[in-house]
Amino acid sequence: MIPHPPRFSGPTTAEADAWAEVLVRRQLLHAVVLMPTGQWLVQDRPNKPVRVLASPADVLALAATIQQYTRSTRPESR
């Protein structure tokens, strides 16, 4: 695997929005909404409470956690 170069800036709103769209489209989250305040409202399932994430970095951290979980729970195909 090729290592990624280090980041010199934090995640952008556009980057977080792209990840949020993928997570909702793949039904890994029910809804993700960017508020005018810059906070993100996240709901795992329709009947679950809404969580508030403070920044794009928090959205990317959530995406990484979900990705790690899905990779660790799927059977190996190699």
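Shown above is the structure to which this text applies.
The rules behind the values
Residues numbered from 1 in each chain as written. Predicted model: local features only at pLDDT ≥ 70, side-chain atom pairs only at ≥ 80, totals over all residues. Heavy atoms only, no water. Salt bridge = Lys/Arg side-chain N within 4 Å of Asp/Glu carboxyl O. Helix = DSSP H or I, 4+ residues; strand = E, 2+ residues; numbered from the N terminus. Buried < 20%, exposed > 50% of the residue type's maximum accessible area, 1.4 Å probe, protein only.

**Q** Help me get a handle on the pattern of salt bridges, residues and values and all.
**A** Applying the stated rule across the entire model yields 2 salt bridges. Note that glutamate 21 and arginine 25 form a salt bridge whose closest N and O atoms lie 3.3 Å from each other. A residue pair is termed a helical-turn pair when its members lie 3 or 4 positions apart in one helix, as glutamate 21 and arginine 25 do in helix 1 (residues 13-25) at 4 residues. Glutamate 21 sits in the partly exposed class, given a relative accessible area of 47%. A relative accessible area of 57% places arginine 25 in the exposed class. The residue aspartate 44 makes a salt bridge to arginine 51 at a minimum N-O spacing of 2.9 Å. The partly exposed category is assigned to aspartate 44, whose relative accessible area is 30%.

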